[in-house]
Amino acid sequence: DTEVTQTPKHLVMGMTNKKSLKCEQHMGHRAMYWYKQKAKKPPELMFVYSYEKLSINESVPSRFSPECPNSSLLNLHLHALQPEDSALYLCASSRGGQGLDTQYFGPGTRLTVL
Amino acid sequence: AQSVTQLGSHVSVSEGALVLLRCNYSSSVPPYLFWYVQYPNQGLQLLLKYTSAATLVKGINGFEAEFKKSETSFHLTKPSAHMSDAAEYFCAVSERAGGTSYGKLTFGQGTILTVHP
């Protein structure tokens, strides 16, 4: 089973709202990732958690706040977003550790900021 | 730093024709290479991966890719295109910073495959 689930599938929010995206995997993976994908572009890495610790923050604005409550769950808290933050947000996970580390992606959350 | 170049942002083929999507990589160390497919409004699905075990890699849905070190290429092929193959395809290379326990993917810009009846 290589399934990564994401909720919600779609989200519309105003610029003053606070919302959260959720990602879950039950493959025993110890690395989890958040990506942002704009139309006709490849995914851009935002954050990497390794063994529940934040390992990479690719200079993401503070209005995006990641959280990894346990090894299976990854959240992305959103606050005071801008219309240009509208995009497909993808979560991925990988085994972690040494050697080849294949990332498996979830279906994404389509975010629209009004 | 590693990089990936996908030649051709759009490729159009007829149903039943050969599919060839090109990917060239740059890497200072033996790379891990991947092809992902993305259908409209969906996430990325792993098609296949190169792990150095074999230069010809077979993936899902009849796709395969050949690793050619001399050409730094990892082109994706399928002998006979099907309408359901219409999607966007991303080639990616994985790098691992020293001492880390995760891989960092660098994606190409993607190739949109259109299949005509």
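Shown above is the structure to which this text applies.
Just so you know, these numbers come straight off a predicted model, no measurement behind them.

Trainee: Just to check I follow, could you spell out the pattern of salt bridges for this structure?
Mentor: As a working rule, side chains carrying opposite charge can pair if their charged atoms are close by. Considering all chains together, one arrives at seven salt bridges over all chains under this definition. Measuring nitrogen to oxygen at the nearest pair gives 2.7 Å for the salt bridge that ties A:Asp85 to A:Arg63. Pair noted here: A:Asp85 is in the loop between β8 (73–79) and β9 (87–94) and A:Arg63 is in the loop between β6 (53–57) and β7 (64–70), with a separation of 22 residues, a long-range link. Of the charged contacts, one joins B:Asp85 and B:Lys78 as a salt bridge, the two residues approaching to 2.9 Å between their closest N and O atoms. Each member of the pair, B:Asp85 as well as B:Lys78, is classed as buried.

Trainee: Explain the interface of chain B and chain A here, please?
Mentor: Interface size, as often reported, equals the accessible area lost upon joining of the parts. Taken together, the contact pairs 23 residues of chain B with 30 residues of chain A. Both faces combined, the contact of chain B with chain A buries some 2,100 Å², and carbon together with sulfur accounts for 55% of it. Run the count over chain B and chain A and you get one salt bridge. For the salt bridge of B:Lys104 with A:Glu58, the shortest nitrogen-to-oxygen distance reads 2.8 Å.

Trainee: What am I meant to see in the sheet that holds strand β8 (residues 73–78) of chain B here?
Mentor: Across a sheet, paired strands are connected by hydrogen bonds in the backbone, their directions being either parallel or antiparallel. All names here are of chain B. Taking strand neighbours across the sheet as the criterion, the five strands line up as β1-β3-β8-β7-β6 in an open arrangement whose pairing is antiparallel. With partners counted over all chains shown, the strands left at the sheet margins are β1 (3–7) and β6 (56–58), one partner each. On average, each strand axis in the sheet is tilted by 20° relative to the strand beside it, whichever way the strands run. Pairing of strand β7 (residues 64–68) with β8, which is carried by five bridges, proceeds in the antiparallel orientation. By the bridge assignment for β8, Glu 66 is matched with His 75.

Trainee: Got a minute to help me understand the state of the cysteines in this structure?
Mentor: Note on terminology: disulfide describes a covalent bond linking the sulfur atoms of two cysteines. Residues and elements named next belong to chain A. By the definition in use, this model includes two disulfides over all chains. Paired through a disulfide, Cys 23 and Cys 91 show a sulfur-sulfur distance of 1.9 Å. Torsion about the S-S bond of the Cys 23 and Cys 91 cystine: about -70°, corresponding to left-handed handedness. Placement of Cys 23 in strand β3 (residues 18–25) and of Cys 91 in strand β9 is noted, with a sequence separation of 68 residues between them. On the basis of relative accessible area, Cys 91 is assigned to the buried category, the value being 0%. Counting only cysteine sulfurs, Cys 23 is the nearest neighbor of Cys 68, a cysteine outside any disulfide, at a range of 9.3 Å.

Trainee: Sorry if this is basic, but what is going on with the side chain of A:Gln37 here?
Mentor: Relative to the assigned elements, A:Gln37 resides in strand β4 (residues 31–37). Taking relative accessible area as the criterion, A:Gln37 reaches 5% and is therefore assigned buried. Among the polar contacts listed, one links the side chain of A:Gln37 to the side chain of B:Gln38, at a separation of 2.8 Å. Residues in contact with A:Gln37, not counting those within four places in the same chain, are A:Pro42, A:Pro43, A:Ala87, A:Leu88, A:Leu90, B:Gln38, B:Leu44 and B:Phe90.

What counts as what
- Residues numbered from 1 in each chain as written.
- Chains lettered and ligands numbered in written order.
- Predicted model: local features only at pLDDT ≥ 70, side-chain atom pairs only at ≥ 80, totals over all residues.
- Heavy atoms only, no water.
- Salt bridge = Lys/Arg side-chain N within 4 Å of Asp/Glu carboxyl O.
- Helix = DSSP H or I, 4+ residues; strand = E, 2+ residues; numbered from the N terminus.
- Buried < 20%, exposed > 50% of the residue type's maximum accessible area, 1.4 Å probe, protein only.
- Contact = heavy atoms within 4.5 Å.
- Buried area = accessible area lost by both parts, 1.4 Å probe.
- Pairing = 2+ DSSP bridges.
- Axes fitted to C-alpha atoms, helices over the stretch in contact; angles between N-to-C directions.
- Disulfide = S-S within 2.5 Å.
- Polar contact = N/O pair within 3.5 Å; in protein donor to acceptor, adjacent residues only side chain to side chain.

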